[in-house]
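An overview of the molecular structure
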Amino acid sequence: SQQGEEDPQALSIQEGENATMNCSYKTSINNLQWYRQNSGRGLVHLILIRSNEREKHSGRLRVTLDTSKKSSSLLITASRAADTASYFCATVYPSGGSYIPTFGRGTSLIVHP
Amino acid sequence: EPEVTQTPSHQVTQMGQEVILRCVPISNHLYFYWYRQILGQKVEFLVSFYNNEISEKSEIFDDQFSVERPDGSNFTLKIRSTKLEDSAMYFCASGQGSGTQYFGPGTRLLVL
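Since the structure is predicted, the reported quantities are computational estimates derived from the model, not experimental observations.

Reading the values: rules and limits
Residues numbered from 1 in each chain as written. Chains lettered and ligands numbered in written order. Predicted model: local features only at pLDDT ≥ 70, side-chain atom pairs only at ≥ 80, totals over all residues. Heavy atoms only, no water. Salt bridge = Lys/Arg side-chain N within 4 Å of Asp/Glu carboxyl O. Helix = DSSP H or I, 4+ residues; strand = E, 2+ residues; numbered from the N terminus. Buried < 20%, exposed > 50% of the residue type's maximum accessible area, 1.4 Å probe, protein only. Pairing = 2+ DSSP bridges. Axes fitted to C-alpha atoms, helices over the stretch in contact; angles between N-to-C directions.

Describing the pattern of salt bridges
All names here are of chain A.
- Scanning the model with the defined rule gives three salt bridges over all chains in all.
- The closest approach of N and O atoms between Asp83 and Arg60, which form a salt bridge, is 2.9 Å. Placement of the pair is Asp83 in the loop between β8 (71–76) and β9 (85–95) and Arg60 in the loop between β6 (55–58) and β7 (61–66), with a sequence separation of 23 residues.
- Here Arg60 falls in the partly exposed class, since its relative accessible area comes to 22%.

See the structure below:
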């Protein structure tokens, strides 16, 4: 399978703590994206990191990419209760001209107030 | 900020009935996608659409499914004869190629 796999499956932390989620994949990618999904809602794009990039920041989010290890991590600093959601990594590789993100099963994050 | 919209938000149908799920992608996007998410499971790719034709489809996207872009704005997913296992959240997305895909809020389909 070419999908990314997130780790851990579930994460429970206290507000103010940092949350780290990891994603591993198997084949070379064009880019890797992280999404958030609140329960029963749509997917919200967080960050895209290209295969030639190693780190990107967006507010309290930091994403790293290690193509040699075929892995990525999403760090949420100073977490808030509102960060409670499922987080998915999606690996994107060119396929017949369509860049199809393939989603993993996600990490369920619970941030306790 | 432009966004992808989907209608209806919820659809309940009887097994064997046809359903059409509608999406309005972001206007300057060229690539359009449908995904589904069965309750509690991961998001699964169904089909991508570019230049008025299907560019990629998954094994899930069998003959019961079809997509259409009937005009310059709408992008539809039709399920001809729904089955119980078609019950899921269906997401439309649009993008400009290899970059970010923007997802709609989804249509929750329940087949009884």
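Remarks on the sheet that holds β7 of chain A
All names here are of chain A.
- Taken together, five strands build an open sheet; the order of strands is β1-β3-β8-β7-β6 and the sheet is antiparallel. Edge positions in the open sheet fall to β1 (5–7) and β6, since each of these has one partner strand only. Taking the axes of each pair of neighbouring strands and ignoring which way they run, one obtains an average angle of 20° across the sheet.
- Where β1 meets strand β3 (residues 19–24), three bridges bridge the pair, whose relative direction is antiparallel. Note on β3: the bridge partner recorded for Glu6 is Cys23.

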